[in-house]
Amino acid sequence: MKISILGCGWLGLPLAAQLAREGHTVKGSTTSVEKLAVLRALQIEPLWLQLTPEPKGIGWDYLMDCDVLVVNIPPRLERAGPDFHTAQMRHLIELVKDSPAQRVIYISSTSVYPELNREVKEEDVIYPSQSAAPTLAEAELLIQSLPQAWLVLRCGGLMGYERIPAKYVSGKKNLTTGEVPVNYIHRDDVIGVIKAFLQNPSVWNETYNVVAPFHPTRRDVYLASCTPFGYQPPTFSTAEINPFKIVSSQKLVDKINYPFLYPTPLQFLYQL
């Protein structure tokens, strides 16, 4: 299978590397010239491409000549503003819609869901007006407008390996969100889910949440990942009641029967 990955970052690079090891022809883009050699060493055909938001670089047509295009470009809403990612996606859609690419996967985020103090499912956010991140919801709609088969994968907080929850709260005092349930997913499971969908074309043209099925509290997750790596445990305050959401991955389980490698964030694989 010919697979192109737009955005070989923390998720895209190991995804591309694994697919290449399994015998697929993989092309990967990066915005870093220095990273081109890294991709090449992993048997990934490297391309230096940018969306600024206009397409820059040579090889966009070559990237689009594939069976599956994985769009994995972080929106960076805080730094670039919400309009930037929308403009990126509009330019990208123009490139994709008339290209040889047969299927498109868009890596979205569960940040599209507002804090509704209950379990949330895919149908809770269909339009930008329903979303806590309207830019992402609009990007999803653009992907759904393509003539190609598409998938929207709303990933939870990406964790695993050097992304250790305790690292980000070590030594902090009086955290007020300790009782909030987490919506995390291990990077290896995101890769596993994508591979499962590559083998199941009959369940495309749908939006899926990609989240570990168990949702322990932040307190439990933070504390569980402190001791093994020497982080100072944070302290917690229960003075505030925080809004929350529990993102359901039941649709994913029902449609492809995916067996999670790490069903609970309390047992994620981490490495310093």
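Before going into details, it helps to say that this report is about the structure given with it. (Residues numbered from 1 in each chain as written. Predicted model: local features only at pLDDT ≥ 70, side-chain atom pairs only at ≥ 80, totals over all residues. Heavy atoms only, no water.)

Considerations on the overall build of the protein chain
Item 1. For the protein chain, the count of helices and strands is nine helices and 13 strands.
Item 2. A globule of 272 residues ought to have a C-alpha radius of gyration of about 19 Å, and the protein chain, at 19 Å, matches this closely.
Item 3. Taking all 272 residues of the protein chain together, the buried fraction comes to 50%.
Item 4. Considering only intrachain contacts with a sequence separation of at least 6, the fraction spanning at least 24 residues in the protein chain is 74%.
Item 5. Accessible surface, the protein chain as shown: approximately 12400 Å² in total, 52% of it carbon and sulfur.
Item 6. Each charge class in the protein chain was averaged separately, 25 positive and 26 negative side chains, and the resulting centres sit 4 Å apart. (Helix = DSSP H or I, 4+ residues; strand = E, 2+ residues; numbered from the N terminus. Rg over C-alpha atoms; globule rule 2.2 N^0.38 Å. Buried < 20%, exposed > 50% of the residue type's maximum accessible area, 1.4 Å probe, protein only. Contact = heavy atoms within 4.5 Å. Areas by Shrake-Rupley, 256 points an atom, 1.4 Å probe, with all protein chains shown as cover. Lys, Arg positive; Asp, Glu negative; His and termini not counted. Charge placed at Lys NZ, Arg CZ, Asp CG, Glu CD.)

Points about the pattern of salt bridges
Item 1. Counting across every chain of the model gives nine salt bridges.
Item 2. A salt bridge links Lys2 to Asp65; the shortest N-O distance between them is 3.3 Å. One end of the pair, Lys2, is in strand S1 (residues 2–6); the other, Asp65, is in the loop between helix H3 (60–64) and strand S6 (68–71), with 63 residues separating them in the sequence.
Item 3. With a closest N to O distance of 2.8 Å, Lys251 and Glu206 form a salt bridge. Here the residue Lys251 occupies a position in helix H9 (residues 250–256), and Glu206 occupies one in strand S12 (residues 206–210), the gap between them amounting to 45 residues. (Salt bridge = Lys/Arg side-chain N within 4 Å of Asp/Glu carboxyl O.)

Considering the environment of Val120
Item 1. Within the secondary structure, Val120 is located in strand S8 (residues 119–120).
Item 2. Here Val120 is in contact with Tyr113, Asn209, Lys245, Ile246, Val247 and Ser248, once residues within four sequence places are set aside.

With respect to the state of the cysteines
Item 1. In total, this model carries zero disulfides according to the counting rule given.
Item 2. Free cysteine: Cys155, not disulfide-bonded; nearest cysteine sulfur from Cys8 at 16 Å. (Disulfide = S-S within 2.5 Å.)

Focus: the packing of helix H1 (residues 12–21) against helix H7 (residues 187–198)
When two helices pack together, their arrangement is given by the angle between the helix axes and by the axis-to-axis distance.
Item 1. It is at 10 Å that the axes of H1 and H7 come closest, and there the two elements cross at 50°. As the angle between them shows, H1 and H7 are arranged oblique. Between H1 and H7 the crossing geometry is right-handed. Here Pro14, Leu15, Gln18 and Leu19 of H1 come into contact with H7, specifically with Arg187, Ile191, Ile194, Lys195 and Leu198.
Item 2. Tallied by class, the residues present in the contact of H1 with H7 amount to six nonpolar, one polar and two charged. (Axes fitted to C-alpha atoms, helices over the stretch in contact; angles between N-to-C directions. Parallel < 35°, antiparallel > 145°, perpendicular 65-115°, else oblique. Left-handed = near helix turned anticlockwise from the far one by under 90°. Nonpolar A, V, L, I, M, F, W, Y, C, P; charged D, E, K, R; others polar.)

As for helix H5 (residues 82–97)
Item 1. For H5, with 16 residues, the first-to-last C-alpha span of 23 Å sits near the 22 Å given by 1.5 Å per residue.
Item 2. Those residues of H5 lying buried are His85, Thr86, Gln88, Met89, Leu92, Ile93 and Val96. Buried residues along H5 cover an arc of 155° about the axis, so they all sit on one side. (Expected span 1.5 Å × (residues − 1). Arc of directions from axis to C-beta.)

With respect to the side chain of Thr207
Item 1. Summarising the element assignment, Thr207 is placed in strand S12.
Item 2. Residue classification places Thr207 among the buried positions, given a relative accessible area of 10%.
Item 3. Once you skip the residues sitting within four places of it in the chain, Thr207 turns out to touch Glu122, Gln144, Trp150, Val152, Arg154 and Lys251.

Examining the nonpolar core
A general trend in soluble globular proteins is that nonpolar side chains are found buried together.
Item 1. Ile5, Ile44, Val70, Ile105, Ile107, Leu153 and Phe197 are the most contacted members of the largest nonpolar core, which totals 36 residues.
Item 2. Elements that contribute at least two residues to this core include exactly S1, H1, S6, strand S7 (103–109), strand S9 (149–155), H7, S12 and H9.
Item 3. When residues of this core are assigned to their parent elements, the largest contribution, seven residues, is made by H7.
Item 4. Ignoring sequence-local partners within four residues, the contact set of Ile44 consists of Leu13, Ala16, Ala17, Ala20, Val26, Lys27, Gly28 and Leu39.
Item 5. Tyr113, Val120, Leu136 and Val211 belong to the second largest nonpolar core, which has 33 residues in total. (Core = buried A, V, L, I, M, F, W, Y, C linked by side-chain atoms within 4.5 Å.)

Details of the pairing of S1
Item 1. The buried fraction of S1 amounts to four of the five residues, a majority that puts the element mostly inside the structure.
Item 2. Bridge count for S1 against strand S2 (residues 25–30) is four bridges, and the pairing is parallel. From the neighbouring strand, Lys2 faces S2, where its bridge partner is Thr25.
Item 3. Note that the unit made of S1, H1 and S2 has a crossover that is right-handed.
Item 4. Of the pairings in the sheet, the one linking S1 to S6 comprises four bridges and is parallel in character. Looking at S6, one finds that Leu6 is bridged to Val71. (Pairing = 2+ DSSP bridges. Right-handed = clockwise from strand over helix to strand, strands pointing away.)

Focus on the sheet that holds S1
Item 1. One open sheet accounts for seven strands, arranged S3-S2-S1-S6-S7-S9-S12; its pairing is parallel. Each end of this open sheet is capped by a strand with a single partner; those strands are strand S3 (45–48) and S12. On average, each strand axis in the sheet is tilted by 20° relative to the strand beside it, whichever way the strands run.

Spatial relationships are all this shows, so hold off on functional conclusions.
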